[in-house]
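Summary of the model geometry
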Amino acid sequence: MRSKRLCAILWLVTVLISFTTSAQSDVSIWLTKADKTVLFTKQKRSLKFVGAKNNNPTIIVNEKESFQSIDGFGYALTGGSAQHIIKMSPKARTALLNELFATDGNNIGVSYIRLTIGASDLNEKVFSYNDLAEGETDLEQKGFELGPDRIDVIPVMKEILAINPNIKIMGSPWSPPLWMKTSYDARGGMLRPEFYAAYAKYFVRYIQDMGKEGIHIDAVTIQNEPLHPGNNPSLLMTAPDQAIFIKNNLGPAFQKAGINTKIIIYDHNADRPDYPITILNDPDARKYIDGSAFHLYGGKIEALTDVHNAHPDKNIYFTEQMVIEDPNESRINIVSPIKRLIIGATRNWSRNVLEWNLAADPENKPFTDRGGCPMCQGAVTIDKDKVTRNLAYYSVAHASKFVRPGSQRIASNEPQGLPNVAFKTHDGKKVLIVANSREKAQTFNISFMGKLVSDTIGSGDVATYIW
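These remarks concern the structure in this document.

Analysis parameters
- Residues numbered from 1 in each chain as written.
- Predicted model: local features only at pLDDT ≥ 70, side-chain atom pairs only at ≥ 80, totals over all residues.
- Heavy atoms only, no water.
- Helix = DSSP H or I, 4+ residues; strand = E, 2+ residues; numbered from the N terminus.
- Rg over C-alpha atoms; globule rule 2.2 N^0.38 Å.
- Buried < 20%, exposed > 50% of the residue type's maximum accessible area, 1.4 Å probe, protein only.
- Contact = heavy atoms within 4.5 Å.
- Areas by Shrake-Rupley, 256 points an atom, 1.4 Å probe, with all protein chains shown as cover.
- Core = buried A, V, L, I, M, F, W, Y, C linked by side-chain atoms within 4.5 Å.
- Disulfide = S-S within 2.5 Å.
- Pairing = 2+ DSSP bridges.
- Axes fitted to C-alpha atoms, helices over the stretch in contact; angles between N-to-C directions.
- Phe/Tyr/Trp six-rings, centres within 6.5 Å; stacked < 30°, edge-to-face > 60°.

Remarks on the overall build of the protein
When you go through the protein residue by residue, the secondary structure sums to twelve helices and 21 strands. Relative to the 2.2 N^0.38 estimate, which gives 23 Å for 467 residues, the radius of gyration of the protein is 23 Å and therefore close to what a compact globule would have. Counting only C-alpha atoms, the protein reaches 75 × 60 × 40 Å along its principal axes. Expressed as a percentage of the 467 residues in the protein, the buried residues total 58%. A separation threshold of at least 6 residues defines the contact pool for the protein, and within that pool the share at least 24 residues apart is 72%. For the protein, the accessible area works out to roughly 19,000 Å², and carbon and sulfur atoms hold 51% of it.

So, the nonpolar core
Ranked by size, the top nonpolar core spans 112 residues in total, and within it L77, L115, M157 and Y206 carry the most contacts. By residue number, the principal contributor to this core is helix α6 (residues 196-212), which donates ten residues. Once residues lying within four places of it in the same chain are set aside, the contact partners of L77 are A82, I85, I113, R114, L115, V153, V156, M157, I160 and L358. If you look at the next biggest cluster of nonpolar residues, it comprises 21 residues, including I410, L432, I446 and Y465.

Describing the environment of I457
Note that I457 resides in strand β20 (residues 451-457). On the basis of relative accessible area, I457 is assigned to the buried category, the value being 2%. Spatially, the C-alpha atoms of I457 and L31 are 8.7 Å apart, while their sequence positions differ by 426 residues. With residues up to four places along the chain from it excluded, the contact list for I457 reads L31, V434, A435, N436, A441, Q442, F444, A463 and Y465.

What to know about the state of the cysteines
Under the definition given, this model contains one disulfide. Bridging C373 to C376, the disulfide has an S-S length of 2.0 Å. A torsion of 90° about the S-S bond marks the disulfide between C373 and C376 as right-handed.

A short note on the sheet that holds strand β5 (residues 72-77)
Ordered in space as β11-β10-β9-β8-β7-β6-β5-β12, the eight strands form an open sheet in which the pairing is parallel. The open sheet has two edge strands, β11 (315-320) and β12 (352-355), and neither has a second partner. Within this sheet the neighbouring strands show an average axis-to-axis angle of 30°, counted without direction. Pairing geometry for strand β9 (residues 262-270) and strand β10 (residues 291-299), over six bridges, is parallel. From the neighbouring strand, Y266 faces β10, where its bridge partner is A293.

A word on the pairing of β12
Of the two faces of β12, the one lined by N352 and L354 and the one lined by V353 and E355 are each fully buried. Bridge analysis of β5 against β12 gives four bridges, and the strand direction is parallel. Looking across to β12, one finds that G74 is bridged to L354.

Notes on the packing of aromatic side chains
For the structure on display, the rule yields 24 aromatic pairs. On the numbers, 6.0 Å between centres and 55° between planes, the contact of F40 with F402 is tilted. On the criterion of sequence distance, the pair formed by F40 in the loop between β1 (26-32) and β2 (41-42) and F402 in the loop between α12 (391-400) and β16 (408-412) is long-range, its members being 362 residues apart. For the pair F49 and F448, a centre-to-centre distance of 6.2 Å together with 50° between the ring planes defines the contact as tilted.

What to know about helix α2 (residues 79-86)
Most of α2 is tucked away: seven of the eight residues are buried. Three or more residues of α2 are buried, namely G79, G80, S81, A82, Q83, H84 and I85.

Laid out in C-alpha cells, this is it:
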C-alpha cells in the first residue's frame, strides 16, 4: 500500500513539474521576413508564457489531441542535383551537405530524401538500369546495373548518410526500361502486361543493389505522375493497372525477396483522390500498400483528408511540389509554400513534405529535352562552389530543423489570416509554425495549458516557435 501511495505521489510531482516547466519555459523563435531582411534566423528575443489575458487573436495549442506521426521534410535528390553537388570541391561540398542535413547550429536538418529510380526530367539524358535495344528483353534482370547513379547519386547519398544515418529515402520511377513499354519511347506509353513480372524484379534489384551500397530504401512509389505521360521520361499508368501490378507482381515479389520497403501508390496531383481510393478498395492490392502520395500542381490539399477518411488505416505522403522565386525580387513569398505545403499537407494527414528539387545551376540545368523542366529551380543554386539559397530552402527549413522524425502533429486552431500547424517532438518539445497571410503586421497569442505568449510578425512573414 505504501508503495502504491509513493508511486502516486511521485507521479503527481512529475506532472506538476512538467506543467510548470512547459507553461513557464522560454519560447525561442526562428523567423523569415518577407522583405528578406531576416532569412530563417533565430531571434535574440524569447517569450515566456504568462497568465495575462488580452483581445488579440489566439492560436490554442492542445497536445492532448494528436494526429499522424511525422517521417520528415526534405527534397528530391535528382540526378541533376547530385551532379552539381559531386562536382563541388570537397570542402565546399562537405560544408553544403552539413548545412542541409545536420541539425546543430544553423544547419537545417533535412530528414527525408526522394531519389529517382532511373532518370527523371532533371537529368541530362534519359536512362534506366537495364537499357536494351528495341526488340531485346531481359526478364530476369540479369543485366540490371545502377551504373549512372554510381557517378553522382550514390556517392552523394553516402556522404549524406554519414551525416544522418537515419534519413528516410524514397525511390520513384519516371519510366520503366523502354523495352517494357507499349512504345519504345521514354515519353508516355504504357507498361506491357507481359513485362509486369520483369518490372517487379526491376524494383527488387533496385532495392537490393542500393542496399549493397549501404542505402536503405524506406519506400517506393509505383510511378511518378502516372496520369502525366507528356514528361520526359514518363509513363501512363491507370489505377486499375497499378492495382493489378501491385497485387499480382510487385507485392508478391517483395514478399518473396524478404523486402520490407513500403509500397506507396498514386504519386500525383490532389485533383484525383479517386485514383488511390480505387486501388485501396481492392482488398488483394491494399494488403501490400502502406499509403498514398500526392503532388499539388492540381486540386486542393484537402483531398488528402478525403483519402485518409476513406482508408484511415493507410498513410498519406506529400512527395513533390516545385517552389520557385525570382532571386532578383526584393521580397520572398514564403507564406505561399508554408501555407500550402508545410501547413496544408501536414494538417491533412501527410507524414512528410518533399519539395522539388534539391539543387540546380543558375540556368536550372540539367533537364531532358522534349519534356524536361527548364523552370525547376533548386532549393539551392550551385555555381561551382558558390551556393545561393532559394525559397524552397527556407520553407522546408522552418519545419525540418525542429520537427524531427517521430514527432506528432497536435491540435491547433486557425485564426483568420494566421495559418499554422503544431507538433510535439519525441522529447516533448512543442513546435508551432505560423504564417501571417494578412496584409499588415499581426499581434497574436499562443495559448498552451492555460497560459499565453504574445508576439507580432509582419505581413508575409513566417515564424517557428519552439518551447
